[in-house]
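Letter by letter, the chains look like this.
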Amino acid sequence: MTTDTAPLVELDDVSKYYGNIRALEGVSLEVRAGEITCVLGDNGAGKSTLIKIVAGLHRHDAGTFRIEGEEVALANPRDALDRGIATVYQDLAVVPLMPVWRNFFLGSEPTKGKGPLRRLDVDLMRATTREALLRMGIDLRDVDQPIGTLSGGERQCVAIARAVHFGARVLVLDEPTAALGVKQSGVVLKYVAAARDQGLGVVLITHNPHHAYLVGDRFVLLKRGTMAASHTKGEVTLDELTRQMAGGSELDDLRHELERPAAS
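Attention in this report is confined to the structure presented alongside it. In this text, all values refer to a predicted model and were calculated from it rather than measured experimentally.

Rules used throughout
Residues numbered from 1 in each chain as written. Predicted model: local features only at pLDDT ≥ 70, side-chain atom pairs only at ≥ 80, totals over all residues. Heavy atoms only, no water. Pairing = 2+ DSSP bridges. Helix = DSSP H or I, 4+ residues; strand = E, 2+ residues; numbered from the N terminus. Axes fitted to C-alpha atoms, helices over the stretch in contact; angles between N-to-C directions. 1 Å grid on protein atoms, 1.4 Å probe; cavity = no way out; pocket = protein on both sides within 12 Å on 5 of 7 lines; lining within 4 Å. Points joined across faces, edges and corners; volume = space filled by probe spheres on them. Nonpolar A, V, L, I, M, F, W, Y, C, P; charged D, E, K, R; others polar. Buried < 20%, exposed > 50% of the residue type's maximum accessible area, 1.4 Å probe, protein only. Contact = heavy atoms within 4.5 Å.

### Quick notes on the sheet that holds strand β9 (residues 170-174)
Alright, step 1. Pairing is mixed across the open sheet formed by six strands, whose spatial order is β6-β9-β10-β3-β11-β12. What marks the edges here is a single partner per strand, and that holds for β6 (85-88) and β12 (226-232). Strand-to-strand, the axes of this sheet are offset by a mean angle of 15°, without reference to chain direction.
Alright, step 2. Sheet topology places strand β3 (residues 36-40) next to strand β11 (residues 218-223); four bridges connect them, and they run parallel. Counted as the bridge partner of Val39 is Val220 from β11.

If you want it as structure tokens, here you go:
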């Protein structure tokens, strides 16, 4: 879905160095409203560094970072949030023993009353959490249950709904299906697609080309901190994406090395 409007987020030839270590070099991508951009790569490919730049944790050292056409250098994660970029990390920042509604509003709790009578507006938080989850199609049994009793997939879905509710325009998801089984992964991908359908631009970080191809519109492959490939959905098949992710020609070379020698 290509439009004439500026991408919500655009990285152009971005690099990041830690001393003499090249963590990221010459990486470009764009994130548009109502689209999912998938960033694929193995461990050490540079995915975490890319997340930290977009989330405002680290500043890039070279290249250009634009938000809605404006060149930026984010100062911190709050700066990113204020500009509509919400990041959901793989290890979800939740308090397991607190109820779902309390985790939903963690750090942004509404209050009622004044002075010494000021207190948390628990009824509002419960009702808002329930409504926000239902808008995303998430029907939890009880928002009063501790969030630690939810499955990994359900917790990911609550985090996605929270970001949407609090006004995110760009949603960055760090390996949301990495520790999940097939069924739970499917549930999470369903809500990733729901966020896209609500007009958000989504960045999906993953090492699973099958999950990426199910929902992705654009694909960026990272390898050792550099771009190995960049495609739109219409330019690449799942088989080719999987082959590139697996190493492509390197895998072919390995296959030849591992072949059993012909019997004499």
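### Focus on the layout of surface pockets
Alright, step 1. Considered as a void within the structure, the largest pocket measures approximately 750 Å³ in volume.
Alright, step 2. Lining the largest pocket are 30 residues, with Leu81, Ala86, Thr87, Val88 and Arg162 positioned closest to its centre.
Alright, step 3. Among the secondary structure elements, those contributing two or more residues to the lining of the largest pocket are α2 (77-82), β6, α3 (100-104) and α5 (152-165).
Alright, step 4. At five residues, α5 tops the list of elements feeding residues into the lining of the largest pocket.
Alright, step 5. Of the residues that constitute the lining of the largest pocket, the class distribution is 20 nonpolar, six polar and four charged.

### Topic: unusual backbone geometry
Alright, step 1. A positive phi angle is found at Asp13, which is not glycine, with a value near 55°.
Alright, step 2. In this structure Asp13 comes out as partly exposed when scored by relative accessible area, which is 45%.
Alright, step 3. Positioned with a positive phi, Glu68 is a non-glycine residue whose angle comes to about 50°.
Alright, step 4. Along the chain, Glu68 turns up in the loop between β4 (62-67) and β5 (70-71).

### Side note on the pairing of β11
Alright, step 1. β11 sits mainly inside the fold: five of its six residues count as buried.
Alright, step 2. As paired strands, β11 and β12 are joined by six bridges and run antiparallel to one another. Considered in β12, the bridge of Phe219 is made with His231.
Alright, step 3. Once β11 ends, the chain turns through two residues before running back antiparallel as β12, passing Arg224 with a positive phi of about 50°.

### Considerations on the environment of Ser230
Alright, step 1. Structurally, Ser230 is set in strand β12.
Alright, step 2. The spacing of Ser230 and Ser28 is 202 residues in sequence and 8.7 Å in space, taken between C-alpha atoms.
Alright, step 3. What Ser230 contacts, discounting residues up to four positions off in sequence, is Phe219, Val220 and Glu235.

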